[in-house]
Amino acid sequence: MLSVHGRRPAAVVVEPVARGLLKIGLTPNAITVLSSAISVALVVILIPAGHLVWAAILIGLFTAVDMVDGTMARLRGGGTKFGATLDATCDRITDGALFAAITWWLVYTHDAHPSLVAATLGVLISSQVISYIKARGEASGFQVVGGLIERPERLIIALVGLGLEGFGVPYALDAAIWLLLAGSVFTVFERFRMAYNSPHANDFIAPPTGSKEAGEKK
């Protein structure tokens, strides 16, 4: 949702930052890798150690750079297919590390109920599936755009819950996880519906490499 409607309002802040990074010689791909590496490091160090407030603030800051690299690419005349692949891959790694670290904290520090741990793992899995449906749909030639819980919403809800939990608000992270689980599962079905209703959904695909059918076509 925010990935579609939030770009234009954010451009007022993002574009000057992107121009500044380009002026000092940084590339969009370098920013993608650097911001993701720092985010993952913060996740695996701060959350298991119980520094939830700092984790929420700093991770939010560095994951916001996700908008900067794309803007940098557009200012240079357009992004590349490799850049898009790199960006999507780094996003999956960062998201996976975030929810894995939250799961670690819930198990070893928070002594969470098994149902909450299972819900967090459900969020981790469904968040990857949401992104995969989009990627696989685009690879098949049709767009799967939008949805209730996309990456910006997922990060905002998770980090707000994490920060409030760090400030001592009871059940803040619990509520965020259950909200994310419900919204993410809904978004999985929402994106499947988009793919199903695509004009090209029933087009035939080429047989996989190495199959009998592929050999016969040669």
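On a predicted model such as this, the values are computed, not experimentally measured, just so you know.

Thresholds applied
All residue numbers refer to position in the chain's written sequence, counted from 1. Per-residue local features are limited, in this predicted model, to residues with pLDDT of at least 70; the limit for side-chain atom pairs, both in listing and counting, is 80 or more; totals at the level of whole chains, interfaces and linings are taken over all residues. Each side-chain value is worked out from all heavy atoms of the structure, with water and hydrogens disregarded. Secondary structure is summarised from DSSP: a helix means a run of H or I of at least four residues, a strand means a run of E of at least two, and numbering begins at the N terminus for each. Exposure classes here rest on a 1.4 Å probe applied to the protein chains alone. A residue is buried below 20% of its type maximum, exposed above 50%, and partly exposed in between. Any pair of residues with heavy atoms lying within 4.5 Å of one another is described as a contacting pair. To measure how exposed things are, a 1.4 Å probe is used in the Shrake-Rupley method; for residues, cover is taken only from the protein chains shown. By the counting rule applied here, Lys and Arg register as positive and Asp and Glu as negative, while His and the ends of each chain are not counted. Think of each charge as sitting on NZ of Lys, CZ of Arg, CG of Asp or CD of Glu. Only protein atoms enter the 1 Å grid used here. Points where a 1.4 Å probe fits but cannot escape make up a cavity, open sets with protein on both sides within 12 Å along at least five of seven lines make up a pocket, and a residue lines them when an atom lies within 4 Å of a point. Grid points are joined across faces, edges and corners, and a volume is the space filled by probe spheres set on the points. Under the scheme applied, nonpolar residues are Ala, Val, Leu, Ile, Met, Phe, Trp, Tyr, Cys and Pro; charged residues are Asp, Glu, Lys and Arg; polar residues are all the others, including Gly. UniProt positions are given in the numbering used here, feature names are shortened, and annotations may be inferred rather than shown by experiment.

**Student:** Outline the overall build of the protein chain, supporting the account with residue identities and numerical values.
**Tutor:** Within the protein chain, the regular secondary structure consists of ten helices and zero strands. In the protein chain, the order of α-helices and β-strands from amino to carboxyl end is α-α-α-α-α-α-α-α-α-α. Taken along the three principal axes of its C-alpha coordinates, the protein chain extends 65 × 45 × 30 Å. Per-residue burial for the protein chain yields a buried fraction of 40% across its 218 residues. Pairs at least 24 apart in sequence give 77% of the contacts found in the protein chain among residues at least 6 apart. Surface summary for the protein chain: the accessible area is close to 12500 Å², and the carbon and sulfur share equals 68%. Taking the average location of the 17 positive side-chain charges in the protein chain and that of its 16 negative ones, the two points are 10 Å from each other.

**Student:** Tell me about empty space enclosed by the protein, residues and numbers included.
**Tutor:** Applying the stated criterion across every chain, the model contains one cavity of 30 Å³ or more. In this structure, the largest cavity spans a volume of roughly 80 Å³. For the largest cavity, the lining is made up of 13 residues, of which S35, S36, D66, D91 and R151 are closest to its centre. Class assignment for the residues of the lining of the largest cavity results in two nonpolar, six polar and five charged.

**Student:** Break down the UniProt feature "binding site: Mg(2+) 2" (unreviewed entry) in the protein chain for me, citing the residues and quoting the values.
**Tutor:** The sites that carry the UniProt feature "binding site: Mg(2+) 2" (unreviewed entry) are, in the present numbering, D66, D87 and D91. On the basis of their most widely separated C-alpha atoms, the annotated residues across 26 residues gather in one place, lying no more than 8.2 Å apart. Taken from the residues named earlier, the lining of the largest cavity is made up of D66, D87 and D91. Taking relative accessible area as the criterion, D66 reaches 24% and is therefore assigned partly exposed. Setting aside residues up to four positions removed in sequence, D66 forms contacts with D87, D91 and R151. Aside from chain neighbours lying at most four places away, what touches D87 is T32, D66 and D69.

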